[in-house]
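Coordinate analysis (summary)
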Amino acid sequence: KGCHHCCHLPTFIFEHEAVAMGQASGRSISKPPPRTHNDALMAGAKYANQPCPFLIDRQCSVYESRPLICRTHHSLAADNELCRKLLTHETLVKPPMVNPAYAEMQYLALMTMAQRSERWGVIQEFFPALNIVGKTG
């Protein structure tokens, strides 16, 4: 609760995570089409600066069922100042934190090795009906 800057980034989740979030929230999920990793990244780019559909009153409404990327992408600060810090030449400085993509990429590698695939996309693709502007502060 408090800082929610990262809740406005394109947040990629796996289908099994969407299922858990759907069960926790009582919402049904939509499935994005099967596609390559790069195609999913390109499709997700349009969700930049859009709030997560589960962000309500500046907090996660499915916190106990949040996906891996949200569990690893966090700040212990009370505000988003570290996430918004800019250099004088307007280049974004990443706050000191673990890069959550490392865990995500390991999962994708395991899926590839097992010759399995799982749908992967931005939260708004799995929950398009929730993609409405609400109370996000």
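What you see is a predicted model; the values in this text were computed from it and never measured.

Side note on the packing of aromatic side chains
Scanning the entire structure with this criterion turns up three aromatic pairs. When the ring of F54 is compared with that of F127, the centres are 4.9 Å apart and the planes differ by 85 degrees; the resulting orientation is edge-to-face. You can see F54 sitting in the loop between α2 (37–44) and β2 (55–56) and its partner F127 sitting in the segment after α6 (123–126), a full 73 residues away along the chain. Judged by relative accessible area, F54 falls into the buried class, the value being 3%. Through successive ring pairs, a cluster of aromatic residues spans F12, F14 and W120. The aromatic ring of Y63 is capped on one face by R66, whose charged end is 3.8 Å from the ring centroid.

Topic: unusual backbone geometry
Glycine aside, residues mostly have negative phi, and peptide bonds are mostly found in the trans state. Notably, N49 is not glycine yet its phi reads approximately 70 degrees, a positive angle. Structurally, N49 is set in the loop between α2 and β2. On the accessibility criterion, N49 (67% relative accessible area) is exposed. For R58, which is not a glycine, the phi torsion comes out positive at approximately 65 degrees.

Notes on helix α1 (residues 15–25)
Those residues of α1 not exposed but buried are E15, E17, A18, M21 and G22. Axial view of α1: buried residues confined to an arc of 155 degrees, hence all on one face. Close packing links the buried residues of α1 with β1 (12–14), α3 (68–72) and α6. Looking one or two places after α1, you find G26, whose phi comes out positive at around 80 degrees.

Points about the nonpolar core
Grouped together as the largest cluster of nonpolar side chains are 10 residues: I13, A18, M21, C52, F54, L55, V62, I123, F126 and F127. Mapped by element, the contributors of at least two residues to this core are α1 and α6. Aside from chain neighbours lying at most four places away, what touches I13 is A18, M21, P67, R119, W120, G121, I123 and F126. The next biggest cluster of nonpolar side chains, apart from the first, holds six residues, and it includes F14, A40, Y47 and V122.

Observations regarding the pattern of salt bridges
Overall, the coordinates contain two salt bridges when judged by the stated rule. Of the charged contacts in the structure, one is a salt bridge between E15 and K31, with a shortest N-O distance of 3.0 Å. Separated by 16 residues along the polypeptide, E15 in helix α1 and K31 in the loop between α1 and α2 bring together distant segments of the chain. The salt bridge involving E125 is made with R35; its shortest N-O contact spans 2.8 Å. Note that E125 is positioned in helix α6 and R35 in the loop between α1 and α2, a separation of 90 residues in sequence. Since its relative accessible area comes to 26%, R35 is described here as partly exposed.

Cut-offs and rules
Residues numbered from 1 in each chain as written. Predicted model: local features only at pLDDT ≥ 70, side-chain atom pairs only at ≥ 80, totals over all residues. Heavy atoms only, no water. Phe/Tyr/Trp six-rings, centres within 6.5 Å; stacked < 30°, edge-to-face > 60°. Helix = DSSP H or I, 4+ residues; strand = E, 2+ residues; numbered from the N terminus. Buried < 20%, exposed > 50% of the residue type's maximum accessible area, 1.4 Å probe, protein only. Lys NZ or Arg CZ within 6 Å of the ring centre and 35° of its normal. Arc of directions from axis to C-beta. Contact = heavy atoms within 4.5 Å. Core = buried A, V, L, I, M, F, W, Y, C linked by side-chain atoms within 4.5 Å. Salt bridge = Lys/Arg side-chain N within 4 Å of Asp/Glu carboxyl O.

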